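Observations on the three-dimensional arrangement
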Amino acid sequence: MREQARWTRARLGRCGPPLDLLTAHFDRHVYAPHAHDEFTIGVTVGGSEVIAYRGGRIHSYPGSIVVLEPGEMHTGGPAASEGYAYQALYTEPSLLTDGTLGGLPHFRDAVLHDPELATALRRAHTDISACPDPLEAESRLPWLLTALARRHSTARASDDTLPGADHIARAVRDRLADELLDPPSLAALATDLGLSRYQLLRAFRTTMGVPPYAWLAQHRVARARGLLDSGLRPAEVAGLVGFADQAHLTRWFRRVLGVTPAAYRNSVRNSVQDTAG
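Residues numbered from 1 in each chain as written. Predicted model: local features only at pLDDT ≥ 70, side-chain atom pairs only at ≥ 80, totals over all residues. Heavy atoms only, no water.

Among the nonpolar cores identified, the biggest contains 33 residues, and Val172, Leu176, Leu200, Phe243, Leu249, Trp252 and Phe253 are the most heavily contacted of them. At the level of elements, α2 (134-152), α3 (165-178), α4 (186-193), α5 (197-208), α6 (212-229), α7 (234-240) and α8 (246-257) are the ones that each hand at least two residues to this core. Tallying contributions element by element places α6 first for this core, with eight residues. Apart from the residues within four sequence positions on either side, phenylalanine 253 is in contact with Val221, Ala224, Arg225, Leu228, Gly258, Val259, Thr260, Pro261 and Tyr264. Judged by nonpolar contacts, the second largest core, of 26 residues, contains Leu95, Leu112, Leu117 and Leu144. (Core = buried A, V, L, I, M, F, W, Y, C linked by side-chain atoms within 4.5 Å. Buried < 20%, exposed > 50% of the residue type's maximum accessible area, 1.4 Å probe, protein only. Helix = DSSP H or I, 4+ residues; strand = E, 2+ residues; numbered from the N terminus. Contact = heavy atoms within 4.5 Å.)

Before going further, it helps to spend a moment on the sheet that holds strand β4 (residues 49-53). Ordered in space as β5-β4-β7, the three strands form an open sheet in which the pairing is antiparallel. Here the strands that pair on one side only, and so sit at the sheet edges, are β5 (56-60) and β7 (77-78). The pairing of β4 with β5 spans five bridges and is classified as antiparallel. Each bridged residue has a counterpart across the sheet, and for valine 50 the counterpart in β5 is histidine 59. (Pairing = 2+ DSSP bridges.)

Glancing now at the packing of α2 against α5. Contact pair α2 / α5: the axes reach a minimum separation of 10 Å and the direction vectors enclose 105°. Between α2 and α5, the angle is such that the two are roughly perpendicular. In this structure, α2 contributes Glu138, Ser139, Pro142, Trp143, Thr146 and Arg150 to the contact, and α5 contributes Arg197, Tyr198, Leu201, Arg202 and Arg205. Classifying every residue of the contact of α2 with α5 by side-chain character gives four nonpolar, two polar and five charged. (Axes fitted to C-alpha atoms, helices over the stretch in contact; angles between N-to-C directions. Parallel < 35°, antiparallel > 145°, perpendicular 65-115°, else oblique. Nonpolar A, V, L, I, M, F, W, Y, C, P; charged D, E, K, R; others polar.)

Before going further, it helps to spend a moment on the sheet that holds strand β8 (residues 84-91). Sheet architecture is open: six strands sit in the order β1-β2-β8-β3-β6-β10, paired in antiparallel fashion. Looking at strand neighbours, the two that pair on one side only are β1 (4-11) and β10 (111-112), the edges of this open sheet. Two elements, strand β2 (residues 18-26) and β8, share seven bridges in a ladder whose sense is antiparallel. Paired with histidine 25 across the two strands is alanine 85, which belongs to β8. Relative to β2, helix α1 (residues 115-130) is tilted by about 105°, and along the sheet it contacts β1, β2, β3 (39-47), β6 (65-68) and β8.

Have a look at this one:
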(Lines give C-alpha, C1' and ligand atoms only; values in the text may rest on other atoms or scores of the structure.)
Protein backbone atom coordinates (compact mmCIF):
# COMPACT_ATOMS: atom_id res chain seq x y z
CA MET A 1 0.00 0.00 0.00
CA ARG A 2 1.02 3.58 -0.46
CA GLU A 3 2.03 5.79 2.42
CA GLN A 4 -1.15 7.52 3.46
CA ALA A 5 -2.56 9.54 6.34
CA ARG A 6 -5.98 11.11 6.66
CA TRP A 7 -6.98 13.56 9.39
CA THR A 8 -10.51 14.28 10.55
CA ARG A 9 -11.49 16.95 13.05
CA ALA A 10 -14.54 16.15 15.14
CA ARG A 11 -16.22 18.48 17.61
CA LEU A 12 -17.40 17.21 20.98
CA GLY A 13 -20.91 18.63 20.98
CA ARG A 14 -22.26 21.80 19.47
CA CYS A 15 -19.63 24.53 19.91
CA GLY A 16 -17.56 22.04 21.92
CA PRO A 17 -13.80 21.50 21.80
CA PRO A 18 -12.24 19.86 18.74
CA LEU A 19 -10.71 16.40 18.73
CA ASP A 20 -8.47 15.17 15.92
CA LEU A 21 -8.55 11.65 14.49
CA LEU A 22 -5.89 10.10 12.27
CA THR A 23 -6.18 7.08 9.98
CA ALA A 24 -2.77 6.04 8.61
CA HIS A 25 -0.78 3.36 6.81
CA PHE A 26 2.99 3.61 6.52
CA ASP A 27 5.42 1.25 4.78
CA ARG A 28 8.58 3.25 5.37
CA HIS A 29 7.79 6.46 7.23
CA VAL A 30 9.49 6.90 10.60
CA TYR A 31 8.40 9.79 12.80
CA ALA A 32 11.05 12.19 14.05
CA PRO A 33 11.27 12.41 17.86
CA HIS A 34 8.37 14.52 19.06
CA ALA A 35 5.83 14.93 21.86
CA HIS A 36 2.17 15.97 22.07
CA ASP A 37 0.31 18.19 24.51
CA GLU A 38 -2.56 15.69 24.38
CA PHE A 39 -2.91 12.00 25.07
CA THR A 40 -2.33 9.97 21.90
CA ILE A 41 -4.55 6.88 21.87
CA GLY A 42 -4.27 4.53 18.94
CA VAL A 43 -5.33 1.07 17.83
CA THR A 44 -3.05 -0.90 15.51
CA VAL A 45 -5.13 -2.41 12.71
CA GLY A 46 -2.43 -4.03 10.56
CA GLY A 47 1.25 -4.90 10.58
CA SER A 48 3.50 -3.98 13.48
CA GLU A 49 4.90 -0.68 14.75
CA VAL A 50 7.99 -0.12 16.86
CA ILE A 51 7.94 2.95 19.11
CA ALA A 52 10.83 4.49 21.03
CA TYR A 53 9.25 5.56 24.32
CA ARG A 54 10.46 6.22 27.87
CA GLY A 55 13.99 5.07 27.11
CA GLY A 56 12.97 1.76 25.55
CA ARG A 57 11.36 0.27 22.49
CA ILE A 58 7.81 -1.06 22.45
CA HIS A 59 5.96 -3.00 19.76
CA SER A 60 2.30 -2.94 18.79
CA TYR A 61 0.41 -5.54 16.78
CA PRO A 62 -3.11 -5.76 15.30
CA GLY A 63 -5.59 -5.18 18.10
CA SER A 64 -3.10 -3.43 20.39
CA ILE A 65 -4.14 -0.19 22.08
CA VAL A 66 -1.26 2.28 22.33
CA VAL A 67 -1.43 5.11 24.88
CA LEU A 68 1.22 7.84 24.78
CA GLU A 69 1.02 10.40 27.57
CA PRO A 70 1.29 14.18 27.10
CA GLY A 71 4.83 15.53 26.98
CA GLU A 72 6.48 12.14 26.44
CA MET A 73 9.05 12.21 23.62
CA HIS A 74 8.62 9.32 21.18
CA THR A 75 9.12 8.10 17.64
CA GLY A 76 7.29 5.48 15.59
CA GLY A 77 7.95 3.41 12.49
CA PRO A 78 7.38 0.05 10.84
CA ALA A 79 8.73 -2.99 12.67
CA ALA A 80 8.76 -5.11 9.51
CA SER A 81 8.74 -4.72 5.74
CA GLU A 82 4.94 -4.93 5.43
CA GLY A 83 4.58 -1.66 7.34
CA TYR A 84 1.80 -0.88 9.77
CA ALA A 85 -1.64 0.72 9.89
CA TYR A 86 -3.39 2.37 12.79
CA GLN A 87 -6.19 4.66 13.91
CA ALA A 88 -5.43 7.29 16.52
CA LEU A 89 -7.11 10.14 18.34
CA TYR A 90 -5.56 13.05 20.17
CA THR A 91 -7.43 14.07 23.29
CA GLU A 92 -7.15 16.71 25.97
CA PRO A 93 -6.14 15.13 29.31
CA SER A 94 -9.35 16.36 30.95
CA LEU A 95 -11.41 13.88 28.91
CA LEU A 96 -9.78 11.01 30.80
CA THR A 97 -10.58 12.36 34.27
CA ASP A 98 -14.39 12.34 34.03
CA GLY A 99 -15.70 9.30 35.90
CA THR A 100 -12.40 8.74 37.72
CA LEU A 101 -10.69 9.84 40.93
CA GLY A 102 -7.06 10.55 41.68
CA GLY A 103 -6.17 13.27 39.21
CA LEU A 104 -4.63 12.81 35.78
CA PRO A 105 -4.49 9.12 34.84
CA HIS A 106 -1.06 7.55 34.45
CA PHE A 107 -0.57 4.54 32.19
CA ARG A 108 2.36 2.42 33.31
CA ASP A 109 2.09 0.31 30.15
CA ALA A 110 1.95 2.03 26.79
CA VAL A 111 0.73 -1.05 24.87
CA LEU A 112 -2.49 -2.58 26.18
CA HIS A 113 -4.36 -5.79 25.37
CA ASP A 114 -8.11 -5.23 25.65
CA PRO A 115 -9.91 -6.68 22.60
CA GLU A 116 -13.36 -5.42 23.60
CA LEU A 117 -12.21 -1.83 24.11
CA ALA A 118 -9.96 -1.92 21.03
CA THR A 119 -12.92 -2.96 18.88
CA ALA A 120 -15.13 -0.24 20.36
CA LEU A 121 -12.46 2.41 19.78
CA ARG A 122 -11.97 1.27 16.18
CA ARG A 123 -15.70 1.34 15.43
CA ALA A 124 -16.15 4.77 16.97
CA HIS A 125 -13.10 6.13 15.15
CA THR A 126 -14.31 4.76 11.79
CA ASP A 127 -17.87 6.04 12.17
CA ILE A 128 -16.92 9.49 13.41
CA SER A 129 -14.19 9.90 10.79
CA ALA A 130 -16.77 9.14 8.10
CA CYS A 131 -19.34 11.56 9.55
CA PRO A 132 -18.07 13.74 12.41
CA ASP A 133 -21.46 14.37 14.00
CA PRO A 134 -20.90 16.44 17.18
CA LEU A 135 -23.44 14.60 19.34
CA GLU A 136 -22.17 11.19 18.24
CA ALA A 137 -18.58 12.17 18.94
CA GLU A 138 -19.51 13.52 22.37
CA SER A 139 -21.61 10.45 23.21
CA ARG A 140 -19.04 7.83 22.20
CA LEU A 141 -15.50 9.11 22.65
CA PRO A 142 -15.57 10.47 26.24
CA TRP A 143 -17.36 7.29 27.36
CA LEU A 144 -14.63 5.10 25.85
CA LEU A 145 -11.85 7.29 27.22
CA THR A 146 -13.30 6.96 30.71
CA ALA A 147 -13.40 3.19 30.26
CA LEU A 148 -9.76 3.24 29.15
CA ALA A 149 -8.70 5.24 32.22
CA ARG A 150 -10.73 3.08 34.60
CA ARG A 151 -9.44 -0.23 33.24
CA HIS A 152 -5.79 0.50 32.58
CA SER A 153 -4.52 3.58 34.44
CA THR A 154 -3.67 4.42 38.01
CA ALA A 155 -6.96 6.37 38.34
CA ARG A 156 -9.74 4.95 40.48
CA ALA A 157 -13.33 4.66 39.34
CA SER A 158 -15.73 7.19 40.82
CA ASP A 159 -18.96 6.11 42.51
CA ASP A 160 -21.52 5.30 39.80
CA THR A 161 -24.53 5.55 42.11
CA LEU A 162 -26.84 8.21 40.71
CA PRO A 163 -30.31 8.71 42.22
CA GLY A 164 -32.99 9.82 39.80
CA ALA A 165 -31.41 8.33 36.68
CA ASP A 166 -34.83 7.88 35.06
CA HIS A 167 -35.70 11.54 35.54
CA ILE A 168 -32.31 12.64 34.18
CA ALA A 169 -32.65 10.45 31.09
CA ARG A 170 -36.16 11.71 30.33
CA ALA A 171 -35.06 15.33 30.69
CA VAL A 172 -32.18 14.76 28.26
CA ARG A 173 -34.43 12.84 25.86
CA ASP A 174 -36.97 15.65 25.79
CA ARG A 175 -34.33 18.31 25.14
CA LEU A 176 -32.87 16.28 22.26
CA ALA A 177 -36.30 15.70 20.74
CA ASP A 178 -37.18 19.40 21.02
CA GLU A 179 -33.91 20.50 19.41
CA LEU A 180 -33.29 17.67 16.93
CA LEU A 181 -32.08 20.02 14.18
CA ASP A 182 -29.32 21.47 16.36
CA PRO A 183 -29.09 19.44 19.58
CA PRO A 184 -27.38 20.90 22.63
CA SER A 185 -24.07 19.47 23.77
CA LEU A 186 -24.07 16.87 26.51
CA ALA A 187 -21.67 19.06 28.45
CA ALA A 188 -24.22 21.89 28.44
CA LEU A 189 -27.06 19.53 29.41
CA ALA A 190 -24.94 18.08 32.22
CA THR A 191 -24.19 21.57 33.56
CA ASP A 192 -27.90 22.44 33.51
CA LEU A 193 -28.64 19.29 35.52
CA GLY A 194 -25.74 19.73 37.95
CA LEU A 195 -23.95 16.60 36.71
CA SER A 196 -20.74 15.59 35.02
CA ARG A 197 -20.97 14.47 31.40
CA TYR A 198 -20.07 10.93 32.46
CA GLN A 199 -22.93 10.87 35.00
CA LEU A 200 -25.36 12.08 32.34
CA LEU A 201 -24.17 9.46 29.85
CA ARG A 202 -24.42 6.69 32.44
CA ALA A 203 -27.94 7.72 33.49
CA PHE A 204 -29.09 7.88 29.86
CA ARG A 205 -27.52 4.57 28.84
CA THR A 206 -28.88 2.81 31.93
CA THR A 207 -32.44 4.06 31.38
CA MET A 208 -32.71 4.14 27.58
CA GLY A 209 -30.42 1.25 26.74
CA VAL A 210 -28.54 3.30 24.13
CA PRO A 211 -26.34 6.43 24.21
CA PRO A 212 -27.91 9.83 23.41
CA TYR A 213 -26.73 10.04 19.80
CA ALA A 214 -28.26 6.63 18.99
CA TRP A 215 -31.58 7.54 20.60
CA LEU A 216 -31.71 10.81 18.66
CA ALA A 217 -30.81 9.07 15.39
CA GLN A 218 -33.69 6.63 15.87
CA HIS A 219 -36.02 9.51 16.67
CA ARG A 220 -34.89 11.25 13.50
CA VAL A 221 -35.51 8.09 11.48
CA ALA A 222 -39.06 7.93 12.81
CA ARG A 223 -39.62 11.54 11.78
CA ALA A 224 -38.01 10.87 8.39
CA ARG A 225 -40.31 7.93 7.82
CA GLY A 226 -43.34 10.18 8.15
CA LEU A 227 -41.92 12.69 5.70
CA LEU A 228 -41.09 9.96 3.20
CA ASP A 229 -44.66 8.67 3.55
CA SER A 230 -45.86 12.13 2.54
CA GLY A 231 -43.89 11.89 -0.72
CA LEU A 232 -40.74 13.89 0.03
CA ARG A 233 -37.45 12.63 -1.42
CA PRO A 234 -34.64 11.35 0.86
CA ALA A 235 -32.38 14.25 -0.09
CA GLU A 236 -35.05 16.69 1.12
CA VAL A 237 -35.85 14.73 4.26
CA ALA A 238 -32.28 14.43 5.57
CA GLY A 239 -31.90 18.10 6.44
CA LEU A 240 -35.47 18.42 7.73
CA VAL A 241 -34.82 15.91 10.52
CA GLY A 242 -31.27 16.96 11.38
CA PHE A 243 -29.05 14.50 9.53
CA ALA A 244 -25.87 15.93 8.00
CA ASP A 245 -26.75 14.72 4.49
CA GLN A 246 -28.52 11.94 2.61
CA ALA A 247 -25.70 9.47 3.27
CA HIS A 248 -26.03 10.08 7.02
CA LEU A 249 -29.79 9.51 6.80
CA THR A 250 -29.28 6.35 4.74
CA ARG A 251 -26.76 4.89 7.19
CA TRP A 252 -29.16 5.22 10.12
CA PHE A 253 -32.30 4.34 8.18
CA ARG A 254 -30.75 1.03 7.18
CA ARG A 255 -29.60 0.36 10.74
CA VAL A 256 -33.05 0.94 12.17
CA LEU A 257 -35.37 -0.32 9.42
CA GLY A 258 -33.15 -2.56 7.31
CA VAL A 259 -33.74 -0.70 4.01
CA THR A 260 -32.60 2.53 2.42
CA PRO A 261 -34.88 5.58 2.57
CA ALA A 262 -35.37 5.41 -1.20
CA ALA A 263 -36.37 1.73 -1.07
CA TYR A 264 -38.77 2.44 1.78
CA ARG A 265 -40.33 5.40 -0.05
CA ASN A 266 -40.76 3.37 -3.24
CA SER A 267 -42.33 0.45 -1.34
CA VAL A 268 -44.81 2.73 0.38
CA ARG A 269 -45.76 4.45 -2.88
CA ASN A 270 -46.16 1.13 -4.70
CA SER A 271 -48.35 -0.21 -1.90
CA VAL A 272 -50.60 2.85 -2.13
CA GLN A 273 -50.84 2.48 -5.91
CA ASP A 274 -51.67 -1.23 -5.64
CA THR A 275 -54.42 -0.48 -3.11
CA ALA A 276 -55.82 2.26 -5.32
CA GLY A 277 -55.83 -0.04 -8.30
